[in-house]
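# Descriptive structure summary
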Amino acid sequence: LAQTYAENPEGWLILVGPTRVGKTHLAAAISNACAKNQRPTLWADVPALASDVDTTKTLFARMGSRDLLILDNYRNAPMDERSTRVFDVLLEWRHIRKIPTVITTEVLLDHLATYSAVWQGALADRAIVNVAPMIAMRYPYEREDASLR
């Protein structure tokens, strides 16, 4: 799914799952593939942006129409009401215009839908939004006995 999206980014791709399943890794691969194809991409770490609303507002102009926006770690850390509104406006802008967007998050889809009407609308719009749940896989180097770590 990530490779197909990277070759022709259309709509949204939401990578959902717990930590250490490769969401950010896949988003980075998509970003790198788009960069090789001369497609402008902007990567944003949401918790870092949300901690400084003024920076978030300043970057909105850059993020609003960028060919591909990758929002990494969306809602993995608490966001205040003001930051939430700024991101809702950004997401609504991109959703209405069908601008390619990749979002990585640990938040379950049922919870995302409760955050705002923007999320409810986006998640219901399966023509634009693709959701890729990711499951935890054990790495070959991990041992069964946690006490050995």
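Since the model is a prediction, treat every value here as computed from it, not as a measurement.

How each quantity is defined
- Residues numbered from 1 in each chain as written.
- Predicted model: local features only at pLDDT ≥ 70, side-chain atom pairs only at ≥ 80, totals over all residues.
- Heavy atoms only, no water.
- Helix = DSSP H or I, 4+ residues; strand = E, 2+ residues; numbered from the N terminus.
- Buried < 20%, exposed > 50% of the residue type's maximum accessible area, 1.4 Å probe, protein only.
- Contact = heavy atoms within 4.5 Å.
- Areas by Shrake-Rupley, 256 points an atom, 1.4 Å probe, with all protein chains shown as cover.
- Phe/Tyr/Trp six-rings, centres within 6.5 Å; stacked < 30°, edge-to-face > 60°.
- Salt bridge = Lys/Arg side-chain N within 4 Å of Asp/Glu carboxyl O.
- Pairing = 2+ DSSP bridges.
- Axes fitted to C-alpha atoms, helices over the stretch in contact; angles between N-to-C directions.

The helix and strand tally for the chain stands at seven helices and five strands. Considering the chain as a whole, with its 149 residues, one finds that 42% of them fall into the buried category. Long-range pairs, those at least 24 residues apart, make up 78% of the contacts in the chain with a sequence separation of at least 6. Total accessible area on the chain is roughly 8500 Å²; 54% of this is exposed by carbon and sulfur atoms.

Applying the stated criterion across every chain, the model contains three aromatic pairs. With 6.2 Å between their ring centres and 70 degrees between their planes, Trp12 and Trp119 make a pair best called edge-to-face. With Trp12 in strand S1 (residues 12-16) and Trp119 in helix H7 (residues 117-124), this pair connects stretches of sequence that are 107 residues apart. One exposure class covers both Trp12 and Trp119, and it is buried.

Overall, the coordinates contain one salt bridge when judged by the stated rule. With a shortest N-O distance of 3.1 Å, Glu81 and Arg85 are connected by a salt bridge. With Glu81 and Arg85 both in helix H5 (residues 81-96), this residue pair falls four residues apart, about one helical turn. Looking at Glu81, the relative accessible area reads 61%, which means it is exposed. What makes Arg85 partly exposed here is its relative accessible area of 46%.

Strand order in the open sheet formed by five strands is S2-S3-S4-S1-S5, and the pairing between neighbours is parallel. On the outer flanks of this sheet lie strand S2 (41-45) and strand S5 (129-133), each paired with one strand and no other. The average angle at which neighbouring strand axes cross in this sheet is 15 degrees, direction not considered. Along the sheet, H5 contacts S1, strand S3 (68-72), strand S4 (101-105) and S5; its crossing angle with S3, the most-contacted strand, is approximately 145 degrees. Sheet strands in contact with H7 are S1, S4 and S5, and its direction is about 105 degrees off that of S1.

Before going further, it helps to spend a moment on the pairing of S3. Within S3, five of the five residues are buried, leaving the element largely enclosed by the surrounding structure. What you see with S3 is no split at all: Leu68, Ile70 and Asp72 on one side and Leu69 and Leu71 on the other are buried throughout. In terms of strand pairing, S2 meets S3 through five bridges, oriented parallel. Counterpart to Trp43 in the pairing with S3 is Ile70. Sheet topology places S3 next to S4; three bridges connect them, and they run parallel. By the bridge assignment for S4, Leu69 is matched with Thr101.

Taken by themselves, the reported measurements are silent on function.
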